[in-house]
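Chain and residue survey
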Amino acid sequence: MTAEVQVYSTTFCPYCVRAKSLLERKGVAYTEINLDKEEPEVRLELTKKTNHRTVPQIFIGDTFVGGFDELNQMNQQGKLDELLAG
């Protein structure tokens, strides 16, 4: 079983594009939540939950991975596939 992946992003975020591209290259399906199209309360709740204000914010299952840098680092270390496996 593959873990559910959620990517919180904004429209003009280069790191969001990189994160989604990395996931797509790996063949990973994800749900994108574009914060530009959501109510401001969604961003506020996300900030409270993660203590981060920047995007992307990536969740794999219930695990908050962080942003693109953390996702990329996990991938390079071989840890991303383990987390995706659920």
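Look above for the structure.
Residues numbered from 1 in each chain as written. Predicted model: local features only at pLDDT ≥ 70, side-chain atom pairs only at ≥ 80, totals over all residues. Heavy atoms only, no water.

**Comments concerning the packing of aromatic side chains**
Taken as a whole, this structure holds three aromatic pairs when the rule is applied. Aromatic pair tyrosine 15 and phenylalanine 68: ring centres 6.3 Å apart, planes at 40°, arrangement tilted. In this pair, tyrosine 15 is assigned in helix H1 (residues 14-25) and phenylalanine 68 in helix H3 (residues 68-76), connecting sequence segments 53 residues apart. Of the residues examined, phenylalanine 68 reaches a relative accessible area of 13% and is grouped as buried. Between phenylalanine 59 and phenylalanine 64 the ring centres are 5.1 Å apart and the planes differ by 45°, which places this aromatic pair in the tilted class. Given a relative accessible area of 26%, phenylalanine 64 falls into the partly exposed group. Every member of this aromatic cluster is reached through a ring pair, and the members are Tyr8, Phe59 and Phe64. Over the aromatic face of tyrosine 15 sits the side chain of arginine 18, whose NZ or CZ is 5.0 Å from the ring centroid. (Phe/Tyr/Trp six-rings, centres within 6.5 Å; stacked < 30°, edge-to-face > 60°. Helix = DSSP H or I, 4+ residues; strand = E, 2+ residues; numbered from the N terminus. Buried < 20%, exposed > 50% of the residue type's maximum accessible area, 1.4 Å probe, protein only. Lys NZ or Arg CZ within 6 Å of the ring centre and 35° of its normal.)

**Points about the nonpolar core**
Grouped together as the largest cluster of nonpolar side chains are 15 residues, with contacts concentrated most on Val5, Ile58, Ile60, Leu71 and Leu80. Only strand E1 (5-9), H1, strand E3 (57-60), H3 and helix H4 (79-84) provide two or more residues apiece to this core. Grouped together as the second largest cluster of nonpolar side chains are eight residues, Tyr8, Cys13, Cys16 and Leu35 included. (Core = buried A, V, L, I, M, F, W, Y, C linked by side-chain atoms within 4.5 Å.)

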